[in-house]
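Listed below are the residues making up each chain.
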Amino acid sequence: MNLLQDIAYLKGVGPARAELLRDELRIFTLRDLLMYFPFRYVDKSQITTVRNIQSENEPVQLLLECVGFSEVGIGRAKRLTGRFRDASGDIELVWFKGASWIQKNFQIGQTYLVYGKPALFSGRYNILHPEVEWVEKSRWNAGNTFKPVYRTTEKCSKKGLNSNGIAQLTRTLVTQLPEHIIEENLPADLLSKYKLIGREMAIRQVHFPADIQRLESARRRLKFEELFFLQIQVARQKVSLTKDERGVVFGKVGNFFLDFYNNHLPFELTNAQKRVVKEIRQDVGKGFHMNRLIQGDVGSGKTIVAILSMLLAVDNGFQACLMAPTEILAMQHHQSMQELLAPLNCQVALLTGSTKTAERRRIHQGLLDGSIALLVGTHALIEPIVQFQKLGLVIIDEQHRFGVAQRARLWEKASIPPHILVMTATPIPRTLAMTVYGDLDVSVIDELPPGRKPIQTVWRSDARRLEVFQFMEDEIKKGRQVYVVFPLIEESEALDYKDLQDGYDGISRRFPRPQYQISIVHGRMKPDDRDYEMNLFVKKQTHIMVATTVIEVGVNVPNASVMVIESAERFGLSQLHQLRGRVGRGADQSYCILMTGNKLSDESKTRMETMVRTNDGFEIAEVDLQLRGPGDIAGTQQSGVLQLKIADIVKDQSILLVARECALEIVEEDATLMLEKNRMVRRYLEEISKGNSDWSKIS
Ligand code: ADP
Ligand code: MG
């Protein structure tokens, strides 16, 4: 038997089902089926009765007889209600779709295994869209305690490939498997050191576990294996980038850097900033290609690090550019760089979408002939028409807004790839960074400039708006400025603008002219108007800035001390944290006020409570990851984290850490995996990389 054999030849499959397995579940070969793991198990000892349902929080498993169906409601509220019962009582199962299919396939009087989360409805529990499976009552007590449950699709189910159908195929395959055909892929010393069971045993047990202990060892082994090979690939990528990829050399520290550093720094660098600058200097001096991520919370002072790095490039005869995600931010960077570098007689060009044609031509020319050394800009930078004479360094600020493809286009702008510095204020939890950005070196600015007071955050319901207005007034009287931010979420754009407008009207009534001046900034304004309003606020000519999230990234107004976030429940955690980071930039005590309605989901409550509890971006990122899973976190889409079959990047952090350490150790000693003891690792890698796209090319 060959595990790479087409799934069609397994007994019970045939051409039609094989096509379904391929198209729907991406199972092509026998091996794919073996590696199609159950996502949960039915533990027969865990069957509840209707009467014993206690709460809405825990999913339950019931063995129920079907009594009958009725369709109720009309339009969107139309639903199918199934009446079911066991010896202890009745319960309703509810479906909002698939009514005819369900009625056709259920039989009155039959027994079904039902799994789902109960919901309390007019004093009774029901279950919405449960997982249901027909069981043969007579055979229920036979066999193992744990029954595998496989993910499947409706199309598959219709052709008998529901979870049970798949289990049957898996059982056929596992029973037929000759011994030792599943080869071990982890070195023996790892197995014994971490008490991992063998691969063959693990794969058999994960489908049909004999008991809970064996199930657990099987899952642990397979998770380790999966994370280990992910990390081996990341580690090899990193080694090949740093060892093979030639980089431009910034060999010396010259006049620009030294003059600025010694004579014109506006403040003393924090130790964290000094450390990161040093790390960058070491990177760019070695002749390898730098690929570095700087993580630093909002306000930690990443800009100055960027500027120093750019000066280093100039000192060595190279051009450098800084790319920002929004026009406002690009302008701010440009302005502060112009001011800081004025004494050095060092010009900085600005290129954005709204740069006028004549100026644009001048810049294109200057970049090409080398007369412009420093450039700040937006996406306009990556257009093919922008060509450099000698580009040595690209800095990407707030990287999560840039797609991978966009970043890749920067490579084409120089014969030797420029050094890359990616700066982000959205801290990525450590374990995720290891996987998503495993091929980048990471520097962390984990210290705020001195004298900053932690921002005080409170959570208020809309009912206390008057109080909040009063607070704003008090702060304005002290000479401070206030942001009021409204959500802008595309699906309901029109409504959002109405909210913004209503909010603005309310604030204008409470803070009338001429005593108070209010700026308003949103995405529908022309960039010129937006910048005009923004500038009024920067110059302290307005007291209140009413805005949508266009101000989210990077904008720096140290005198602003209050951030009011309207409908805060509609923002994600990292966005809330970013917004809060707009205040607390000066020496004054700053405040963040989260305004929400009264009815909040549990998840929204957790978000608000987290914001109130901590200012630490890393802690917030961890909570965010727990709440949302890795799917929504920047960068994960390309990383393979989401294609994990069994491991979970959040829940299996401890396994990940060990697997990563093992992987690094192996790759450091034997990057090509040619040593005899690593032969099985190499073979398995070759096996899995066949037909796999190169997910690990991240940056
Ligand atoms: P971010 O990391 O969010 O991009 P910035 O670079 O915009 O932060 O810096 C935030 C503010 O802190 C700016 O006003 C900057 O001038 C100031 N700043 C940065 N580093 C220091 C420092 N070492 N000492 C004092 N102020 C600093
Ligand atoms: Mg910044």
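Residues numbered from 1 in each chain as written. Chains lettered and ligands numbered in written order. Predicted model: local features only at pLDDT ≥ 70, side-chain atom pairs only at ≥ 80, totals over all residues. Heavy atoms only, no water.

**Considerations on the overall build of the protein**
Put simply, the test is: Runs of H or I in DSSP of at least four residues are treated as helices and runs of E of at least two as strands, each being numbered from the N terminus. Note on contacts: a residue pair qualifies if any of its non-hydrogen atoms lie within 4.5 Å across the two residues. The protein chains shown are the only cover counted for residues, whose accessible areas, like all others here, come from Shrake-Rupley with a 1.4 Å probe.
Helix and strand counts for the protein come out as 23 helices and 22 strands. Long-range pairs, those at least 24 residues apart, make up 74% of the contacts in the protein between residues at least 6 apart in sequence. Roughly 33,100 Å² of accessible area belongs to the protein as shown, and the carbon and sulfur atoms make up 49% of that amount.

**What to know about the nonpolar core**
What counts here: To form a nonpolar core, buried Ala, Val, Leu, Ile, Met, Phe, Trp, Tyr and Cys residues must be joined to one another through side-chain atoms within 4.5 Å. Burial classes: relative accessible area under 20% of the type maximum marks a residue as buried, over 50% as exposed, and values in between as partly exposed (1.4 Å probe, protein chains only).
Residues Ile7, Phe224 and Phe228 are the most contacted members of the largest nonpolar core, which totals 67 residues. Counting residues per element, this core draws most heavily on helix α8 (residues 212-244), at 10 residues. Here isoleucine 7 is in contact with Val13, Ala18, Leu21, Ile27, Phe28, Thr29, Leu30 and Leu33, once residues within four sequence places are set aside. Counting 42 residues, the second largest nonpolar core, distinct from the first, contains Ile294, Leu329, Ala330 and Val348.

**Structural notes on the packing of aromatic side chains**
Put simply, the test is: Ring geometry is summarised as follows: Phe, Tyr and Trp rings, the Trp one being its six-membered ring, pair when their centres sit within 6.5 Å, and such pairs are stacked at plane angles under 30 degrees, edge-to-face over 60 and tilted between the two. The criterion is that NZ of a Lys, or CZ of an Arg, lies within 6 Å of the ring centre and within 35 degrees of the ring normal, and then a charge sits over that ring.
This model, assessed by the stated rule, comprises 18 aromatic pairs. Members of the aromatic cluster, each reached through a chain of ring pairs, are Phe69, Phe84, Trp95, Phe106 and Tyr112. Arginine 40 extends its terminal NZ or CZ atom over the ring of tyrosine 115, reaching a point 3.3 Å from the ring centre. Above the plane of the ring of phenylalanine 208 lies arginine 171, whose end atom (NZ or CZ) is 4.0 Å from the centre.

**Points about the site of ligand 1**
Test applied: One heavy atom within 4 Å of a molecule or strand is enough for the residue carrying it to be called near that molecule or strand. Side-chain atoms alone can form a polar contact between residues adjacent in sequence; in general such a contact is a pair of N or O atoms within 3.5 Å, and within protein one must be able to donate a hydrogen while the other accepts it. Classification used: nonpolar for Ala, Val, Leu, Ile, Met, Phe, Trp, Tyr, Cys and Pro, charged for Asp, Glu, Lys and Arg, polar for all others including Gly.
Every one of the 16 residues lining ligand 1 counts as a neighbour, but Glu268, Gly299, Lys302, Thr303 and Arg452 are closest to it. Take glutamine 273: an N or O atom from its side chain is 2.9 Å from a nitrogen atom of ligand 1. A distance of 3.5 Å separates an oxygen atom of ligand 1 from a polar backbone atom of serine 300. Starting from 570 Å² of accessible surface for ligand 1 in isolation, the protein chains cover 83%. Grouping the constituent residues of the shell around ligand 1 by class yields four nonpolar, seven polar and five charged.

**Remarks on the confidence of the model for the protein**
Heads up, the rule is: Every residue gets a pLDDT, meaning the predictor's confidence in that residue, from 0 to 100.
With 90% of its residues at a pLDDT of 70 or more, the protein shows a mean pLDDT of 86. When the elements of the protein are averaged for pLDDT, helix α14 (residues 404-411) gives the smallest value, 61, and strand β22 (residues 591-596) the largest, 97. Scored below 50 in pLDDT, residues 691-699 shows 23 contacts in the model against residues more than four places distant or in partner chains.

**A closer look at the sheet that holds strand β6 (residues 118-121)**
Each strand in a sheet pairs with its neighbour through backbone hydrogen bonds, running either in the same direction (parallel) or in the opposite one (antiparallel). Going by this rule: Following DSSP output, two strands are said to pair if at least two bridges run between them. Fitted lines through C-alpha atoms serve as axes, helices being fitted only where they are in contact, and the angles separating the N-to-C directions of these axes extend from 0 to 180 degrees.
Judged by pairing direction, the sheet is mixed, and its seven strands sit side by side in the order β6-β7-β4-β3-β2-β5-β8 without closing on themselves. Since the sheet does not close on itself, it has two edges, and those belong to β6 and β8 (131-134), each with one partner. Neighbour-to-neighbour, the strand axes of this sheet turn through a mean angle of 40°, independent of strand direction.

**Structural notes on the sheet that holds strand β21 (residues 560-565)**
Taking strand neighbours across the sheet as the criterion, the six strands line up as β17-β22-β21-β18-β20-β19 in an open arrangement whose pairing is parallel. Only two strands of the sheet have a single neighbouring strand rather than two, namely β17 (456-461) and β19 (518-521). Within the sheet, the average angular offset between the axes of one strand and its neighbour, ignoring direction, is 20°. Alignment of β19 against strand β20 (residues 544-547), held across four bridges, turns out to be parallel. The residue of β20 that forms the bridge with isoleucine 518 is isoleucine 544.

**Overview of the packing of helix α19 (residues 573-580) against helix α21 (residues 617-628)**
Counted only if it meets this: When an angle is under 35 degrees it counts as roughly parallel; over 145 it counts as roughly antiparallel; between 65 and 115 it counts as roughly perpendicular; any other value is oblique.
Look at α19 against α21: their axes get within 9 Å of each other, and the N-to-C directions meet at 155°. Taken together, the axes of α19 and α21 lie roughly antiparallel to each other. Residue-level inspection shows Leu573, Ser574, His577 and Arg580 of α19 in contact with α21, the latter providing Gly617, Ile620, Val623, Asp624 and Leu627.

**Remarks on the pattern of salt bridges**
Oppositely charged side chains can pair when the atoms bearing their charge come close. Put simply, the test is: We count a salt bridge whenever a side-chain nitrogen from Lys or Arg sits within 4 Å of a carboxyl oxygen from Asp or Glu.
Across all of its chains, the model carries 34 salt bridges by this definition. Between glutamate 687 and arginine 31 there is a salt bridge, with the nearest N and O atoms lying 2.6 Å from each other. With glutamate 687 in helix α23 (residues 679-689) and arginine 31 in helix α2 (residues 30-34), the pair connects residues that are 656 residues apart, well separated along the chain. On the basis of relative accessibility, which here comes to 21%, the residue arginine 31 falls in the partly exposed class. Where arginine 570 meets aspartate 499, a salt bridge forms, and the shortest distance between an N and an O atom there is 3.9 Å. Separated by 71 residues along the polypeptide, arginine 570 in the loop between β21 and α19 and aspartate 499 in helix α17 (residues 493-510) bring together distant segments of the chain. Using a relative accessible area of 33% as the deciding quantity, one classes aspartate 499 as partly exposed. Overlapping salt bridges, with partners in common, bring together Arg275, Glu279, Asp283, Arg292 and Asp446 in one network.

**A few points about the packing of α19 against helix α20 (residues 602-613)**
Using the following cut-off: Two helices that cross are described as forming a left-handed crossing if the nearer one is turned anticlockwise from the farther one by less than a right angle, and a right-handed crossing if clockwise.
Orientation of α19 relative to α20, taken along the N-to-C sense of each, is 35°, at an axis distance of 10 Å. As α19 runs across α20, the sense of the crossing is right-handed. Within the contact between the two elements, α19 uses Leu573, Leu576, His577 and Arg580 and α20 uses Arg607, Met608, Thr610 and Met611. Each residue belonging to the contact of α19 with α20 can be placed in one class, and the counts come to four nonpolar, two polar and two charged.

**Regarding the side chain of threonine 542**
Within the fold, threonine 542 resides in the loop between α18 (527-538) and β20. The class of threonine 542 is buried, set by a relative accessible area of 4%. Looking at threonine 542, its side chain comes within polar contact range of the main-chain nitrogen of phenylalanine 537, at 3.4 Å. Those residues in contact with threonine 542, other than ones at most four positions away along the chain, are Gln481, Gln517, Ile518, Ser519, Leu536 and Phe537.

**Considerations on unusual backbone geometry**
A cis amide bond, omega -5°, links arginine 513 with the succeeding residue proline 514. Take proline 514: it is sitting in the loop between α17 and β19. You will see that lysine 195, though not glycine, has its phi angle at about 50°, which is positive. As for its placement among the helices and strands, lysine 195 is situated in the loop between α6 (188-193) and α7 (199-207). With a relative accessible area of 68%, lysine 195 lands in the exposed category. Phi is positive for asparagine 345, close to 60°, though the residue is something other than glycine.

**A closer look at a negative patch on the surface**
Put simply, the rule reads: Residues form patches when they are more than 30% accessible in relative terms and have no salt bridge. Like charges link within 9 Å. Nonpolar side chains (Val, Leu, Ile, Met, Phe, Trp, Tyr) link within 5 Å. Asp and Glu are treated as the negative residues and Lys and Arg as the positive ones, with His and the ends of the chain left uncounted. For charged residues, the charge sits on one atom: NZ in Lys, CZ in Arg, CG in Asp, CD in Glu.
A grouping of Asp189, Glu661, Glu665 and Glu668 is seen on the molecular surface, where their side chains present a negatively charged patch. Among the elements that line the negative patch, the one with the most residues is helix α22 (residues 653-669), at three residues. Inspection of the secondary structure assignment puts glutamate 668 in helix α22.

**Comments concerning the environment of glutamate 533**
Topologically, glutamate 533 is positioned in helix α18. Overall, glutamate 533 belongs to the buried group, its relative accessible area being 17%. Aside from chain neighbours lying at most four places away, what touches glutamate 533 is Ile518, Ser519, Ile520, Val521, Met525 and Met545. Polar contacts involving the side chain of glutamate 533 include one to the main-chain amide nitrogen of isoleucine 520, which spans 2.9 Å.

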